[in-house]
Amino acid sequence: MLFQNRVHAGHELGRRLAYLGGQQVVVVGLPRGGVVVAYEVARALGAPLDVIVVRKLGVPVQPELAMGAIAEGGVLVVNDETRLLASITPADLHAVEARERVELDRRIRRFRGSQPRVPLAGRTVVVVDDGIATGATAAAACQAVRAAGAARVVLAAPVGPPERIAWLHQFAEEVVCLATPDEFFAIGAFYVDFTQTADEEVTDLLHRAALISAPMPDHTVNTNGTASTASMGGASQARAVEVRIPTDTTRLSGDLTIPEHPHGLVVFAHGSGSSRQSPRNRYVSDVLVDAGLATLLFDLLTPEEELDRKKVFDIDTLARRLIRVTRWLREEPDIAYLPVGYFGASTGAAAALWAAAEFGPPVTAVVSRGGRPDLAMSRLARVSAPTLLIVGERDELVLDLNREAQNQLRCESRLAVVPAATHLFTQPGALEAVAVLARDWFVHHLALAGHPS
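Predicted model only: the values in this text are computed from it and were never measured. (Residues numbered from 1 in each chain as written. Predicted model: local features only at pLDDT ≥ 70, side-chain atom pairs only at ≥ 80, totals over all residues. Heavy atoms only, no water.)

**Quick look at the overall build of the chain**
Right, so step 1: In terms of regular secondary structure, the chain is built from 13 helices and 18 strands.
Right, so step 2: In the chain, which comprises 453 residues, the proportion classed as buried is 55%.
Right, so step 3: Summarising the internal contacts of the chain: among those between residues at least 6 apart in sequence, 67% fall at separations of at least 24.
Right, so step 4: Of the roughly 18900 Å² of accessible surface on the chain, 51% is carried by carbon and sulfur atoms. (Helix = DSSP H or I, 4+ residues; strand = E, 2+ residues; numbered from the N terminus. Buried < 20%, exposed > 50% of the residue type's maximum accessible area, 1.4 Å probe, protein only. Contact = heavy atoms within 4.5 Å. Areas by Shrake-Rupley, 256 points an atom, 1.4 Å probe, with all protein chains shown as cover.)

**Observations concerning the confidence of the model for the chain**
Low pLDDT marks stretches whose predicted atomic positions should not be read closely.
Right, so step 1: Across the chain, the average pLDDT comes to 84, with 89% of residues at 70 or higher.
Right, so step 2: Across residues 214–236, confidence stays below pLDDT 50; counting only partners more than four residues off in sequence or on other chains, it has 57 contacts. (pLDDT = per-residue confidence, 0-100.)

**A short note on the side chain of asparagine 281**
Right, so step 1: Looking at the element boundaries, asparagine 281 is found in helix H8 (residues 279–290).
Right, so step 2: Excluding anything up to four places from it in sequence, asparagine 281 contacts Phe268, His270, Leu297, Phe343, Ala345 and Arg369.

**A look at the packing of aromatic side chains**
Right, so step 1: Under the counting rule described, the total for this entry stands at five aromatic pairs.
Right, so step 2: With 4.9 Å between their ring centres and 40° between their planes, tyrosine 191 and phenylalanine 194 make a pair best called tilted.
Right, so step 3: Between the NZ or CZ atom of arginine 164 and the centre of the ring of tryptophan 167, over which it lies, the distance is 4.3 Å. (Phe/Tyr/Trp six-rings, centres within 6.5 Å; stacked < 30°, edge-to-face > 60°. Lys NZ or Arg CZ within 6 Å of the ring centre and 35° of its normal.)

**Concerning the pattern of salt bridges**
Right, so step 1: Enumeration over the complete set of coordinates arrives at 20 salt bridges.
Right, so step 2: A salt bridge links aspartate 255 to arginine 282; the shortest N-O distance between them is 2.4 Å. One end of the pair, aspartate 255, is in strand S12 (residues 251–259); the other, arginine 282, is in helix H8, and 27 residues separate them in sequence.
Right, so step 3: For aspartate 374, the salt bridge goes to arginine 372, with nearest N and O atoms at 2.8 Å.
Right, so step 4: Residue class for aspartate 374 comes out buried when judged on its relative accessible area of 17%.
Right, so step 5: The structure contains a network of salt bridges with shared partners spanning Arg32, Glu103, Arg106, Arg107 and Asp199. (Salt bridge = Lys/Arg side-chain N within 4 Å of Asp/Glu carboxyl O.)

**Some details on the environment of valine 287**
Right, so step 1: Turning to its location among the elements, valine 287 is positioned in helix H8.
Right, so step 2: For the pair valine 287 and alanine 435, spaced 148 residues apart in sequence, the C-alpha to C-alpha distance is 6.5 Å.

**Comments concerning the sheet that holds strand S8 (residues 174–179)**
Right, so step 1: Spatially, S2-S1-S6-S7-S8 is the arrangement adopted by the five strands of the open sheet, whose pairing is parallel. Two strands close off the open sheet at either side, each with one partner strand: strand S2 (49–51) and S8. When the angles between neighbouring strand axes are averaged without regard to direction, this sheet yields 25°.
Right, so step 2: Across five bridges, the pairing between strand S1 (residues 25–29) and strand S6 (residues 124–128) is parallel. Paired with valine 26 across the two strands is valine 125, which belongs to S6.
Right, so step 3: Sitting on the sheet, helix H1 (residues 6–16) is in contact with S6, strand S7 (152–159) and S8, with an inclination near 130° to S8. (Pairing = 2+ DSSP bridges. Axes fitted to C-alpha atoms, helices over the stretch in contact; angles between N-to-C directions.)

**Side note on the pairing of strand S14 (residues 294–298)**
Right, so step 1: Summarising burial for S14: five of the five residues are buried, a large majority.
Right, so step 2: Of the two faces of S14, the one carrying Ala294, Leu296 and Phe298 and the one carrying Thr295 and Leu297 are both buried.
Right, so step 3: Note: S12 against S14, four bridges, orientation antiparallel. Its bridge partner being in S14, threonine 257 is matched across the sheet by threonine 295.

**Section: unusual backbone geometry**
Right, so step 1: In this structure, arginine 32 follows proline 31 across a cis peptide bond, with omega equal to 0°.
Right, so step 2: In this structure, histidine 261 is a non-glycine residue whose phi angle is positive, near 50°.
Right, so step 3: Turning to its location among the elements, histidine 261 is positioned in the loop between S12 and strand S13 (265–269).
Right, so step 4: Given a relative accessible area of 73%, histidine 261 falls into the exposed group.
Right, so step 5: The residue serine 346 is not glycine, and still its phi comes out positive at about 55°.
Right, so step 6: Checked against the element boundaries, serine 346 lands in the loop between strand S15 (340–345) and helix H11 (347–359).
Right, so step 7: Relative accessible area serves as the criterion here: at 17%, serine 346 is assigned to the buried category.

**So, helix H4 (residues 90–112)**
Because an α-helix packs 3.6 residues into every turn, residues spaced three or four apart end up facing the same way.
Right, so step 1: Helix length check: H4, at 23 residues, gives a terminal C-alpha distance of 32 Å against a target of 33 Å (1.5 Å per residue), a fit within 8%.
Right, so step 2: Buried within H4 we find Leu93, Val96, Glu97, Glu100, Arg101, Leu104, Arg107, Phe111 and Arg112. (Expected span 1.5 Å × (residues − 1).)

**Digging into the environment of alanine 421**
Right, so step 1: Counting through the fold element by element, alanine 421 comes out in the loop between strand S18 (413–418) and helix H13 (430–449).
Right, so step 2: Linking alanine 421 and valine 391, residues 30 residues apart in sequence, is a C-alpha distance of 8.0 Å.
Right, so step 3: If sequence neighbours within four positions are ignored, alanine 421 has contacts with Gly392, Glu393, Arg394, Asp395, Gln427 and Ala430.

**Section: the side chain of glutamate 40**
Right, so step 1: In this fold, glutamate 40 is placed in helix H2 (residues 33–45).
Right, so step 2: It turns out glutamate 40 is buried and unbridged, and the closest side chain with the opposite charge, arginine 43, is 4.7 Å from it. (Lys, Arg positive; Asp, Glu negative; His and termini not counted.)

**Digging into the pairing of S15**
Right, so step 1: The buried fraction of S15 is high, at six of six residues.
Right, so step 2: Of the two faces of S15, both are covered, the one formed by Val340, Tyr342 and Gly344 as well as the one formed by Gly341, Phe343 and Ala345.
Right, so step 3: Here S13 runs beside S15; their pairing, made up of five bridges, is parallel. Bridge pairing in S15 places alanine 269 opposite glycine 344.
Right, so step 4: For S15 and strand S16 (residues 363–369), the ladder comprises six bridges, and the chain directions are parallel. Considered in S16, the bridge of tyrosine 342 is made with valine 366.

What follows is the structure in structure tokens.
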């Protein structure tokens, strides 16, 4: 195994492509899994993200074996060696192509909707997939972006067989592959978690990337170890630091971002099935940093622990981890003086409220996004920190649970319902609303807490 999941692979690939930062770069991902990897690459490069829709042309009797691929713009790539070995006639090829064109058009409408493509003319375009097998879809994608006017094409993937990587050099100026093992059977063999990516996750990531690269801050790490956070109102500098936080039994990985002159610190607690790489939490973090708040996104569990479903829903253990991390932050000279808030999502919200109840006054404010405060019901009456519960209007079950939980709170509290939003806040404008609500809540309450003289 080389990669924990696609997010991990994208993070590593982004590091490898860091030399492209600051150039006129556009990152395009091949759906579905390639978009997850591409999102992390785009974040690392501070580049816009788009999707390049490609469909494999599978051999009729063995659909997983590619004899070619099609892509947007009428691009067709045929692997003649495979086609001849499988005795595929031109009529057979045409029938498969016609069927896949229907699916190609559906996916274009599904993923991009009415949004225009990110302009590629004259730019360096980084084509990203979650792995290379035959290379047919990657080749089609390279040809498609070339036809759209790309000045330079860089093909990037975490893993692929050496002979296919060599073959792909004819389609791109540069091919970057982190690993080219001689023994190659399937892309998924090099991932711990290679779960199929849903259409909804692709559209969610594209929407998040569009928000971050347009009106809201774009967060990129520079070679000098600082992070540049630009907003509509100007630009400021923030330090971005990868940290390893000790607990009683392990060390937890985290990303700490500290803007110039911070007036508060927000610690993020993610939900089950997520991690510190959550694009939703990272988007909210960018907005908070732009408002002058330091943020810490960290993994509540190690990769091995995440495989144990009992640990994922062990709110007591998650809360204790959160408390231990907060105490560690209190020992860091640069940020020890900052008032602390918690931002929790899903089960992470329960952990945040549980920890706030146990930790008491040192926690200044809590925000829950689509949270499960009911999982901390026995601790809610002891929470003293002002608490904001944010729920989507269409997330009906969770909305009811939050209403019940608010009745148990004895502190200052507010239930904010985002119109028309579902649990993941993927609707246009929904995540922006979450970010603004959280920003205003934290800025108000952390500023009231003030700094000790």
